[in-house]
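Survey of secondary and tertiary structure
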4 protein chains.
Amino acid sequence: MLIVMETGHTEEQLRGVLSAVEGAKAKAHVIPGAQNTAVAVTGNVGPLDVRLFEDLPGVREAIPVSSAYRLAGREARRADTVISLAGGKVRIGGSALVVIAGPCAVESEEQTLRIAKQVARAGARILRGGAFKPRTSPYSFQGLGLAGLKILASARQATGLPVVTEILDPRSLDIVCEYADILQIGARNMQNFALLKEVGRVRKPVMLKRGFSATIEEWLAAAEYILAEGNPDVMLCERGIRTFVGSARARTTLDLNAVPVVKRRSHLPILVDPSHGTGMRDKVAPMARAAVAAGAHGIMVEVHDRPEEALSDGPQALSPEAFARLMGELRAMGPILGFTV
Amino acid sequence: MLIVMETGHTEEQLRGVLSAVEGAKAKAHVIPGAQNTAVAVTGNVGPLDVRLFEDLPGVREAIPVSSAYRLAGREARRADTVISLAGGKVRIGGSALVVIAGPCAVESEEQTLRIAKQVARAGARILRGGAFKPRTSPYSFQGLGLAGLKILASARQATGLPVVTEILDPRSLDIVCEYADILQIGARNMQNFALLKEVGRVRKPVMLKRGFSATIEEWLAAAEYILAEGNPDVMLCERGIRTFVGSARARTTLDLNAVPVVKRRSHLPILVDPSHGTGMRDKVAPMARAAVAAGAHGIMVEVHDRPEEALSDGPQALSPEAFARLMGELRAMGPILGFTV
Amino acid sequence: MLIVMETGHTEEQLRGVLSAVEGAKAKAHVIPGAQNTAVAVTGNVGPLDVRLFEDLPGVREAIPVSSAYRLAGREARRADTVISLAGGKVRIGGSALVVIAGPCAVESEEQTLRIAKQVARAGARILRGGAFKPRTSPYSFQGLGLAGLKILASARQATGLPVVTEILDPRSLDIVCEYADILQIGARNMQNFALLKEVGRVRKPVMLKRGFSATIEEWLAAAEYILAEGNPDVMLCERGIRTFVGSARARTTLDLNAVPVVKRRSHLPILVDPSHGTGMRDKVAPMARAAVAAGAHGIMVEVHDRPEEALSDGPQALSPEAFARLMGELRAMGPILGFTV
Amino acid sequence: MLIVMETGHTEEQLRGVLSAVEGAKAKAHVIPGAQNTAVAVTGNVGPLDVRLFEDLPGVREAIPVSSAYRLAGREARRADTVISLAGGKVRIGGSALVVIAGPCAVESEEQTLRIAKQVARAGARILRGGAFKPRTSPYSFQGLGLAGLKILASARQATGLPVVTEILDPRSLDIVCEYADILQIGARNMQNFALLKEVGRVRKPVMLKRGFSATIEEWLAAAEYILAEGNPDVMLCERGIRTFVGSARARTTLDLNAVPVVKRRSHLPILVDPSHGTGMRDKVAPMARAAVAAGAHGIMVEVHDRPEEALSDGPQALSPEAFARLMGELRAMGPILGFTV
């Protein structure tokens, strides 16, 4: 931490700061400056609260230096984390672009299998589908639950695609683990620490979506909850942040800037969900291409062949044809940007 | 819903919209206008997704009208909800201003009792204290758990003050209910729907804090999850929203505008937490006074007599003396603004 | 500036940083730490760009310390600035609460005089009224211009109230100075540096509204443009910031937290405009009271006796009766909170 | 406008609304609904203020329908606007991707010519360079002014590249028009209406940057100020919006979602500035590629060959080599995404 004294502080005020640092069992280094004296604090165990020092007389500002995460950072691990699925046939975080596709919600076996086959044919490597749906209103469709999980498992059987689905409640961990290949933590649960700890204790990859108002620092600290429990297979997924820009269609702004920032700070794979991030069909393909051009390790896209019948989020789903067209564009971009599809 | 057609739309496009409305089992009313034709949609059961219509050719915009909540709204209940505690001695939502005070976290029996007595003496009517603490980093103090709950119960015994404490996990519902008088749902769990449903099934008042990026609409829809399960005793608590304004001290902006807005739209009591909302001791008293002047039914304030020893959030706690001074100011404001303390 | 090295940086990387600091004509102080080495930079003239150092290999973060303002800060001047008007009869920034009131726009001589007399009678000390109106759409009413300024001057004559009005264009400086007592810089022009410099060259008090997305730091730096040109009489006015909360009524969130923050960092008077900040009549009085309870030196309120005829912002204006009621409440709060009205 | 009545409103309240609509010289259409009665308002001239109706008893909400712009919208003009420069050799808004490059600020003739030649060689079609610089602090470098304009003109002569530069003050319109090919309005001046009107009166293309907190609607309404004065050649440039995400490096979040949204709503060309939008060299190339993949008509990039000497924003400038590499990638993406470079 760096403590900056006010111009014109007294000697007594500086002594007060030094003794507060000592009280916090840390070491103070006084740095005289032209305008302001500063006090650098080192040797503390655990993060210090800046506010402990800012309230002292004569202090202008205290600036923290340590992160809330360690295992998630590049400093803990230089090499990119690559998560392996389906016996190594699908790898997330390496040089292959991973495309996850499927319906927003599992609605029926027929619907899910039909769409799963279409996305598999077009080149998706992982199937998505919600069995437990987090909905703003208690009166909206809440998902099929266990029946939905079983349908996902049979779609995996039919297509060979591993399956990702959301978990909402620590009490359903066993049942979701029985059927899913990747556990998704949704944006609304990014800081549901009880749930994070629970998925940290199993050996299943976890996809951690970014909270609507989470900074990159907080997102990595949430990943740290999972890593710290012993599960190293965490992938991150940007899905839009809350800003002043919004509409009845979508209340979030897809933040592609997160892609290069996460790649710099963390070794964990970073994916992008342009479907929930934009909420609008005609923005999905442009933003999917943009996510890949920005360097994402993968994208997750909603596909539905009868969007007008969808029980949730139909209007943001791509048709199978539009999805196949997008896959063609991404495949062509691969050699230019250095990835395979 | 109101669907606005583009200027110069064709007859066929309008017919397409009308047939889509019919497909959604609703009734369309065409409204010719000088610049734009509009189509009003009525008779739908459940909310319609605006995006179903916005993708149709010739449509400029679709504007939703229904809310995501019913029971939480003024339309469901004109009279203010008043929540009664301690056999009616404490009432939240009526003409009495309710002050909740105590340490951020329960750290020890000695600390909690000492502070509980101080705040009771100064006029607090409810004791706060965290036994399970949600922390951004897994390496920060996570609370005493069950031991903390027992300490709170003995502080209640010693002071007569009912107790509010946070619940993080649906699996600890029974144990928290055994010791607490009010269950607090924290900002990070505002849309943890598994937890909301669970607290909706018990007969304990719930304090639902506003999520960092929740609109008033979403907040009331979250309250609806609790109300819809049968628990009518929900109070709301504003604690700051995430905006571009932030600092190492506090990453939220206390939104006092929420007070008059909630009072207009909902019958549920609205409280304000200026301690977490500002994160800084010297802003707590000004913003507490401001919350009361804006019409809040109550405030929740952190008090600690040895903030430099506090295991969490010490720097935002008021001293017992500053708290007593604040209580005096609020008492004096009562007759002017029409409340009792 | 404080430069924090990555864990495991090399000696060569550290040497690179030291030589970059030297290149920037500043002095480097190496501070060894348990986890991270830091380099404190002192002796620089003018602010250093953090990004100069963050791009160097081995650097984790560079943290700036200097402010973008000097004259506006408490460090330059401990005592509060008090701005004197009307031969000292009105003082802004001292222990008297200053209430500014009047119509949003000057619409006619009759309307302005009528309202001016009503607000004077109720206790307003300064009259507001827009002659040049900044409007989002070019098709909205743009103000009466020079005719409006003359009406304001005659309202001053009739009531004795000094007058504040907005200036939009540096080319109208002379004419606005001829008629107004306080020059208002609106939120949209907070960083219109050409205009700021111009009003810095005259001897008229300036009211600088906060930009919709301005941090406190940027706001004070904008005030610095005026102060640096030689005009010491700057008052600040909070009028709402842009957040994810918004509606067709008001696209800003009144940020009362700015009041205690500005009072800590700056000696300039801080006022609040709850009319534009909330955009809604029934929120004006609660937020006006809250602003005063938070410690504002004054408030600016729109009053209109025939809001349905108002050419701009009628729906956010208080009636003269509601304004008088508010003044009564503020007067009663004075002795409790230590101000006179 | 659509006015939604509360459930259980009275007949008298409905009559009050109808008479208010009549008073506003518009026509009311009552639409009975299952839950709520609505009143559609048509035939009004000019936008109605929603708040006029929301304050009436029995009204739940009033929803506006009209835009603040007309000429800027797709409805006014279906075909894309293509702006022609340099006798038609450079066209902005068509199928060619336009790359604008150059230093942030004009620092000297030697520096500007050197960089201009480098970017021309790599494929830039327009030269950028600031002569008047808007700076947060009055103590930062403010640009060379007229001398800078002359240097830009001689760089144009040397390379054949048309020149874009920022205008800050309506009083410098003549002089900037004499030297520049495109007038840039910066983000801070997006709602400087005096300046917008002025550049609307000349026959020079204008690049209007998006304000830090401007919605798309407000941005297009600002463009409307220019169009309404008679200048049809307006291009838009996204450069980042203010959100809760920020750092000492960059206080904005580049919003690429604006690209497909603007293309849907407006016929004006849309460009992206990833240099100011990200503020950090290693994010510029990823976000530039992403902008193009999202469908932007062009990008504007800062290039500097000696960033450590740059008087402003050096750390976000690409080196000439990195710029040439980026141009190569964009050229290769052209055939896939359907544009030429």
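None of these values were measured; they are calculated from a predicted model. (Residues numbered from 1 in each chain as written. Chains lettered and ligands numbered in written order. Predicted model: local features only at pLDDT ≥ 70, side-chain atom pairs only at ≥ 80, totals over all residues. Heavy atoms only, no water.)

Side note on the overall build of chain A
Of regular secondary structure, chain A possesses 11 helices and 14 strands. Taking the principal axes of the C-alpha coordinates as reference, chain A spans close to 75 × 45 × 40 Å. For chain A, the proportion of its 341 residues judged to be buried stands at 65%. Residue pairs at least 24 apart in sequence account for 67% of intrachain contacts in chain A once pairs closer than 6 positions are excluded. For chain A, the distance from the average site of its 41 positive side-chain charges to the average site of its 35 negative ones is 5 Å. (Helix = DSSP H or I, 4+ residues; strand = E, 2+ residues; numbered from the N terminus. Buried < 20%, exposed > 50% of the residue type's maximum accessible area, 1.4 Å probe, protein only. Contact = heavy atoms within 4.5 Å. Lys, Arg positive; Asp, Glu negative; His and termini not counted. Charge placed at Lys NZ, Arg CZ, Asp CG, Glu CD.)

Structural notes on the relation of the copies chain A and chain B
The operation relating chain A to chain B is a screw motion whose rotation component is 180°, with 0.0 Å of axial translation and a residual RMSD of 0.0 Å. Such a combination of turn and shift is consistent with a two-fold rotation axis. Relative to the rotation axis, the C-alpha of Ser-213 of chain A is the closest in chain A, positioned 2.9 Å from it. When the interface residues of chain A are mapped onto chain B, 100% of them again lie at the interface, so the same face is used by both copies. (Least-squares fit on C-alpha atoms with pLDDT ≥ 70 in both.)

Focus: unusual backbone geometry
Glycine aside, a negative phi is what most residues show, and trans is what most peptide bonds show. Although it is not a glycine, Lys-25 of chain A sits at a positive phi angle of roughly 60°. Mapping Lys-25 of chain A onto the fold places it in the loop between helix H1 (11-23) and strand S2 (27-31).

Topic: the sheet that holds strand S7 (residues 98-102) of chain B
Residue and element names in this part refer to chain B. Pairing is parallel in the closed barrel, where eight strands are placed in the order S7-S8-S9-S10-S11-S12-S13-S14. Sheet twist, expressed as the average angle between the axes of neighbouring strands with direction ignored, equals 25°. In this structure, strand S11 (residues 206-209) lies alongside strand S12 (residues 234-238), joined through four bridges in parallel fashion. By the bridge assignment for S12, Val-206 is matched with Val-234. Helix-sheet contacts for helix H4 (residues 146-159) involve strand S8 (126-128) and strand S9 (163-166), and the interaxial angle to S9 is about 165°. (Pairing = 2+ DSSP bridges. Axes fitted to C-alpha atoms, helices over the stretch in contact; angles between N-to-C directions.)

Looking at the packing of aromatic side chains
Enumeration over the complete set of coordinates arrives at four aromatic pairs over all chains. Seen in terms of ring centroids, Phe-193 of chain A and Tyr-225 of chain A are 4.5 Å apart; in terms of plane orientation they differ by 20°. Their pairing is stacked. Of the two residues, Phe-193 of chain A sits in helix H6 (residues 193-200) while Tyr-225 of chain A sits in helix H7 (residues 216-228), which places them 32 residues apart along the sequence. Comparing Phe-193 of chain A with Tyr-225 of chain A, the two get one shared label, buried. Arg-70 of chain A extends its terminal NZ or CZ atom over the ring of Tyr-139 of chain B, reaching a point 4.2 Å from the ring centre. (Phe/Tyr/Trp six-rings, centres within 6.5 Å; stacked < 30°, edge-to-face > 60°. Lys NZ or Arg CZ within 6 Å of the ring centre and 35° of its normal.)

Examining the confidence of the model for chain A
Counting all residues, the mean pLDDT for chain A is 91, and 95% of those residues have values of 70 or more. Taken together, the chains of this predicted complex give a pTM of 0.90 and an interface ipTM of 0.88. (pLDDT = per-residue confidence, 0-100.)

Some words on the environment of Ala-285 of chain C
All names here are of chain C. Checked against the element boundaries, Ala-285 lands in helix H10 (residues 281-293). Residue Ala-285 is classed as buried on the basis of its relative accessible area, which comes to 18%. When the C-alpha atoms of Ala-285 and Glu-329 are compared, they prove to be 9.7 Å apart, with 44 residues separating the residues in sequence.

With respect to the relation of the copies chain C and chain D
With an axial shift of 0.0 Å and an RMSD of 0.0 Å, the rotation relating chain C to chain D amounts to 180°. Taken as a fraction of all interface residues of chain C, those also at the interface in chain D reach 100%, which identifies the copy contact as same-surface.

Side note on the pairing of strand S3 (residues 38-42) of chain B
Residues and elements named next belong to chain B. Along S3, five of the five residues are buried, which leaves the element largely enclosed by surrounding structure. Residues Ala-38, Ala-40 and Thr-42 of S3 are buried on one face, and the alternating residues Val-39 and Val-41, pointing to the opposite face, are buried as well. With three bridges joining them, strand S1 (residues 2-5) and S3 adopt antiparallel strand pairing. Of the residues in S3, the one forming a bridge with Leu-2 is Ala-40. Two elements, strand S2 (residues 27-31) and S3, share five bridges in a ladder whose sense is antiparallel. Pairing of Val-30 across the sheet is with Val-39, part of S3.

Quick look at the pattern of salt bridges
In total, this model carries 68 salt bridges over all chains according to the counting rule given. A salt bridge links Glu-229 of chain A to Arg-201 of chain A; the shortest N-O distance between them is 3.2 Å. Of this pair, Glu-229 of chain A sits in the loop between H7 and strand S12 (234-238) while Arg-201 of chain A is found in the loop between H6 and strand S11 (206-209), placing the two residues 28 residues apart along the sequence. Residue classification places Glu-229 of chain A among the partly exposed residues on the basis of a relative accessible area of 32%. Where Arg-114 of chain C meets Glu-110 of chain C, a salt bridge forms, and the shortest distance between an N and an O atom there is 2.6 Å. Of this pair, Arg-114 of chain C and Glu-110 of chain C both sit in helix H3 (residues 109-122), four residues apart, which is roughly one turn of that helix. Relative accessible area serves as the criterion here: at 17%, Arg-114 of chain C is assigned to the buried category. (Salt bridge = Lys/Arg side-chain N within 4 Å of Asp/Glu carboxyl O.)

Regarding the interface of chain A and chain B
Contacts between the two partners involve 50 residues from chain A, matched on the other side by 50 residues from chain B. Interface area for chain A against chain B, summed over the two sides, is near 4,400 Å², with a carbon-plus-sulfur share of 51%. Taken together, the links from chain A to chain B amount to four salt bridges. Notably, a salt bridge pairs Arg-171 of chain A with Glu-198 of chain B, separated by 3.0 Å at the nearest N-O pair. Our count for the contact surface shared by chain A and chain B stands at 18 residue pairs in polar contact (both at pLDDT 80 or more). Where the side of chain A that touches chain B is concerned, the elements lending two or more residues are helix H2 (51-54), H6 and H7 of chain A. (Buried area = accessible area lost by both parts, 1.4 Å probe. Polar contact = N/O pair within 3.5 Å; in protein donor to acceptor, adjacent residues only side chain to side chain.)

A few points about the nonpolar core
Inside soluble globular proteins, nonpolar side chains tend to come together where they are buried. Core analysis: the largest hydrophobic core is formed by 157 residues, its most contacted members being Leu-208, Leu-236 and Phe-323 of chain A together with Leu-208, Leu-236 and Phe-323 of chain D. Sequence-distant contacts of Phe-323 of chain D, defined by excluding residues within four places in its chain, comprise Val-99, Ala-101, Val-119, Ala-122, Ala-124, Val-301, Val-303 and Leu-318 of chain D. The next biggest cluster of nonpolar side chains, apart from the first, holds 156 residues, and it includes Ala-155 and Ile-270 of chain B together with Leu-149 and Leu-236 of chain C. (Core = buried A, V, L, I, M, F, W, Y, C linked by side-chain atoms within 4.5 Å.)

Digging into the interface of chain C and chain D
In this complex, chain C contributes 50 residues to the contact, which on the side of chain D involves 50 residues. In total, chain C and chain D occlude about 4,400 Å² of area from one another, counting both sides; carbon and sulfur atoms represent 52% of this. In this structure, the connection of chain C to chain D is made through four salt bridges. Where chain C packs against chain D, one counts 18 residue pairs in polar contact (both at pLDDT 80 or more). Of all the secondary structure elements, the ones that give two or more residues to the side of chain C that touches chain D are helix H2 (51-54), helix H6 (193-200) and helix H7 (216-228) of chain C. When residues in the side of chain C that touches chain D are grouped by element, the largest group, five residues, is from H7 of chain C. Split into classes, the residues belonging to the side of chain C that touches chain D amount to 20 nonpolar, 10 polar and 20 charged. (Nonpolar A, V, L, I, M, F, W, Y, C, P; charged D, E, K, R; others polar.)

Describing the domain arrangement of chain A
One can read the domain layout of chain A as domain 1 (2-63) and domain 2 (83-337). Between domain 1 of chain A and domain 2 of chain A, the C-alpha centre-to-centre distance is 45 Å. (Domains from an automatic or database assignment.)

Some thoughts on the sheet that holds S3 of chain B
The pairing of strands in a sheet comes from backbone hydrogen bonds and takes either a parallel or an antiparallel form. All names here are of chain B. Ordered by their spatial adjacency, four strands build an open sheet running S2-S3-S1-S4, and the pairing between neighbours is antiparallel. Two strands bound the open sheet, and with one partner strand each, they are S2 and strand S4 (59-63). Adjacent strand axes in the sheet meet at a mean angle of 20°, parallel and antiparallel pairs treated alike.

Things to note about the packing of helix H10 (residues 281-293) of chain D against helix H11 (residues 320-337) of chain D
Packed helix pairs are characterised by how far apart their axes lie and by the angle those axes make with each other. All names here are of chain D. The N-to-C vectors of H10 and H11 enclose an angle of 20°; their axes lie 11 Å apart at closest approach. One finds that H10 runs roughly parallel with respect to H11. The element H10 and its partner H11 pack so that their crossing is right-handed. Touching Ala-285, Ala-288, Arg-289, Val-292 and Ala-293 of H10 are Leu-326, Glu-329, Leu-330, Met-333 and Leu-337, all from H11. (Parallel < 35°, antiparallel > 145°, perpendicular 65-115°, else oblique. Left-handed = near helix turned anticlockwise from the far one by under 90°.)

Remarks on H10 of chain C
All names here are of chain C. Given a rise of 1.5 Å per residue, 13 residues ought to cover 18 Å, and the 19 Å separating the end C-alpha atoms of H10 matches this to within 8%. Counted residue by residue, H10 has 11 buried out of 13 residues, so it is predominantly covered. Listing the buried residues of H10 in full gives Lys-283, Val-284, Ala-285, Pro-286, Met-287, Ala-288, Arg-289, Ala-290, Ala-291, Val-292 and Ala-293. Where H10 ends, the next residue or the one after it, Gly-295, has phi of about 110°, a positive value. (Expected span 1.5 Å × (residues − 1).)

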